[in-house]
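These are the residues of each chain, in order.
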Amino acid sequence: LSLEHMDRGRFFEAGGVQSFVREAGEGNETIVFLHGVPSSSFLYRKVLDEMDKGEYSSRFRGVALDLPGLGFSERPVGFD
């Protein structure tokens, strides 16, 4: 994982778990990018970079999050 990717995102808490999300664009239509296992939001870094440019930025908002226990998100306690 890249620290540059982390610097472009933010952390939030949901269900007592610290999770990571990266967003791009400012449009009214939202596209949510969900990764598989094992992977992370880093998979979508180039897509999000493109969504911050030109016509995509004004039309779409992209959201890529790290599922619990993957990427920069914490692993839930007591979860196997």
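Shown above is the structure to which this text applies.
Since the model is a prediction, treat every value here as computed from it, not as a measurement.

Undergrad: Can you explain the pairing of strand β2 (residues 17-24)? Please cite residues and give values.
TA: Taken residue by residue, a regular strand's side chains alternate between the two faces of the sheet. In terms of residue burial, β2 counts as a mostly covered element, since 6 of its 8 residues are buried. Bridge count between strand β1 (residues 9-14) and β2: 6 bridges; the pairing is antiparallel. Looking at β2, one finds that Phe12 is bridged to Ser19. Where β1 hands over to β2, the hairpin turn is made up of 2 residues, of which Gly15 adopts a positive phi near 60 degrees. Pairing of β2 with strand β4 (residues 60-65), which is carried by 4 bridges, proceeds in the antiparallel orientation. When the sheet's bridge partners are listed, Arg22 is paired in β4 with Ala64.

Undergrad: Mind laying out unusual backbone geometry, listing which residues take part and the relevant values?
TA: Cis peptide bonds are those with omega within 30 degrees of zero, and the linkage from Val37 to Pro38 qualifies with -5 degrees. Take Pro38: it is sitting in the loop between β3 (29-33) and α2 (45-51).

Undergrad: With reference to specific residues and values, describe the nonpolar core.
TA: Ranked by size, the top nonpolar core spans 7 residues in total: Ala24, Phe33, Tyr44, Leu48, Met51, Phe60 and Ala64. Not counting residues within four places of it along the chain, the set of residues in contact with Leu48 comprises Arg22, Ala24, Phe33, Gly62, Val63 and Ala64.

Undergrad: Can you lay out the environment of Glu13 for me, pointing to particular residues and giving the numbers?
TA: For Glu13, the position within the fold is in strand β1. Accessibility expressed as a relative area gives 59% for Glu13, which makes it exposed. For the pair Glu13 and Ser73, spaced 60 residues apart in the sequence, the C-alpha separation amounts to 9.6 Å.

Parameters at a glance
Residues numbered from 1 in each chain as written. Predicted model: local features only at pLDDT ≥ 70, side-chain atom pairs only at ≥ 80, totals over all residues. Heavy atoms only, no water. Buried < 20%, exposed > 50% of the residue type's maximum accessible area, 1.4 Å probe, protein only. Helix = DSSP H or I, 4+ residues; strand = E, 2+ residues; numbered from the N terminus. Pairing = 2+ DSSP bridges. Core = buried A, V, L, I, M, F, W, Y, C linked by side-chain atoms within 4.5 Å. Contact = heavy atoms within 4.5 Å.

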